[in-house]
Amino acid sequence: MIKRLIKKYWHYATLTILAALFFIGVSSYIHFLQKDGFIKWGSPDETANYIFAKLYAQEGQLIIFEKYNLSVGNILHPRSMRSDFGEIKPVSFLGIILIYGKIASIFGYKIIPYLTPILASVGIIYFYLLIKKIFGRANALLSAFFLASFPVYIYYSARSMFHNVLFTALLIICLYYAVLMAGKNKGGRNALKAVGTLKLFYACLAGGFLGLAIITRASEILWLLPLFLILWIFNFKKVGI
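Please read these numbers as outputs of a predicted model, since none were measured by experiment. (Residues numbered from 1 in each chain as written. Predicted model: local features only at pLDDT ≥ 70, side-chain atom pairs only at ≥ 80, totals over all residues. Heavy atoms only, no water.)

Draft legend 1. Here's a closer look at the sheet that holds strand β3 (residues 87-90). A sheet is described by the order of its strands in space; here 3 strands give the open sequence β1-β3-β2, paired in antiparallel fashion. A single partner strand is all that each edge strand has here, and the edge strands are β1 (64-65) and β2 (81-84). Bridging between β1 and β3 involves 2 bridges; their strand directions are antiparallel. Each bridged residue has a counterpart across the sheet, and for I64 the counterpart in β3 is I88. (Pairing = 2+ DSSP bridges. Helix = DSSP H or I, 4+ residues; strand = E, 2+ residues; numbered from the N terminus.)

Draft legend 2. Layout of the nonpolar core. Counting 26 residues, the largest nonpolar core has Y100, I112 and M161 as the members making the most contacts within it. Looking at this core, the elements with two or more residues in it are α2 (44-59), α3 (95-107), α4 (112-135), α7 (164-181) and α8 (189-216). The residues touching I112, leaving out its near neighbours within four places in the chain, are Y50, A53, K54, Y100, A104 and M161. Residues I30, I131, A144 and V165 belong to the second largest nonpolar core, which totals 18 residues. (Core = buried A, V, L, I, M, F, W, Y, C linked by side-chain atoms within 4.5 Å. Buried < 20%, exposed > 50% of the residue type's maximum accessible area, 1.4 Å probe, protein only. Contact = heavy atoms within 4.5 Å.)

Draft legend 3. Summary view of the packing of α3 against α4. As a packed pair, α3 and α4 sit with axes 10 Å apart at the nearest point and diverge in direction by 110°. With respect to α4, the axis of α3 lies roughly perpendicular. Here α3 runs over α4; the crossing is right-handed. Each of Y100, I103 and A104 in α3 lies in contact with α4, whose residues at this interface are I112, L115, T116 and L119. Classifying every residue of the contact of α3 with α4 by side-chain character gives 6 nonpolar, 1 polar and no charged. (Axes fitted to C-alpha atoms, helices over the stretch in contact; angles between N-to-C directions. Parallel < 35°, antiparallel > 145°, perpendicular 65-115°, else oblique. Left-handed = near helix turned anticlockwise from the far one by under 90°. Nonpolar A, V, L, I, M, F, W, Y, C, P; charged D, E, K, R; others polar.)

Draft legend 4. Summary view of the pairing of β3. Burial of the side chains of β3 is restricted to one face: I88 and P90 are buried, whereas none of E87 and K89 on the reverse face is. Where β2 lies against β3, 4 bridges are found, and the strand directions are antiparallel. The residue bridging R82 from the neighbouring strand is K89, located in β3. What sits between the antiparallel neighbours β2 and β3 is a turn of 2 residues, in which F85 has the positive phi angle 55°.

Draft legend 5. Just the packing of aromatic side chains, in detail. Scanning all chains against the criterion turns up 12 aromatic pairs. Ring plane angle 70° and centroid distance 5.9 Å describe the contact between Y156 and F162, whose orientation is recorded as edge-to-face. Residue Y156 is classed as partly exposed on the basis of its relative accessible area of 25%. These aromatic residues form a ring-pair network of at least three members: Y126, Y176, Y177, F201, Y202 and F209. Taking the ring centre of Y109 as reference, the NZ or CZ of K54 above it sits at 4.4 Å. (Phe/Tyr/Trp six-rings, centres within 6.5 Å; stacked < 30°, edge-to-face > 60°. Lys NZ or Arg CZ within 6 Å of the ring centre and 35° of its normal.)

Draft legend 6. Summary view of the environment of M81. Looking at the secondary structure, you find M81 in strand β2. We classify M81 as buried; its relative accessible area is 6%. For the pair M81 and D45, spaced 36 residues apart in the sequence, the C-alpha separation amounts to 8.6 Å. Apart from the residues lying within four places of it in its own chain, the contact partners of M81 are A48, I51, F52, I88, K89 and V91.

Draft legend 7. Just the packing of α4 against helix α5 (residues 137-148), in detail. Viewed as axis vectors pointing N to C, α4 and α5 meet at an angle of 150°, and their least axial separation amounts to 8 Å. Between α4 and α5, the angle falls in the class roughly antiparallel. By crossing handedness, the relation of α4 to α5 is classed as right-handed. Mapping the contact onto sequence places G123, I124, F127, Y128, I131, K132 and F135 in α4 and R137, N139, A140, L141, S143, A144, L147 and A148 in α5.

Here it is, written out as structure tokens:
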């Protein structure tokens, strides 16, 4: 019995260990970079995203008022921020701020630096599921190892207040549910209604995660729209209008 379970599910256990090790490795770098509770970031963009994500989590707003800017022409603001009539605002994409801020409002702001490693690890799992659905289990497991060891993926997971990995993970999850949505119908006539409801559910998930990915890096819509249009055209009979 145990041997049968191991033989059947060993790849899922391997994938889980891989994702956990990835999270531990990346999070350790973030943890040891902090000293005495001081959060240190490597760029103005990360600093701004963290400040406004924390502010949104705690106060539900994206504005810091600086009264002295009313007298000096709005010149008092850090890089990656701007001031309008004394109101200091973020200038980058708002997706990471809104998503992380909303999560932090539930679990506390101290989780913010570790959210990208968490979602990057989830992205590895969904990448495996996506490739497995299209190219089979062996290719999927190998692909997951390649992604977990991809230097760019590791680097931007450690630079946790950048948008890159969050966008990539959300897009991978979107593509996985889009593939499920376009899957072949199985079962007889009695199962068609249930299948239709399930596909609608997958469509909602795919669209929801696509929307989150777009607000995370809105400039990527320039290639995402043509990509999904082409995919839709080639899968029109499966997906429909």
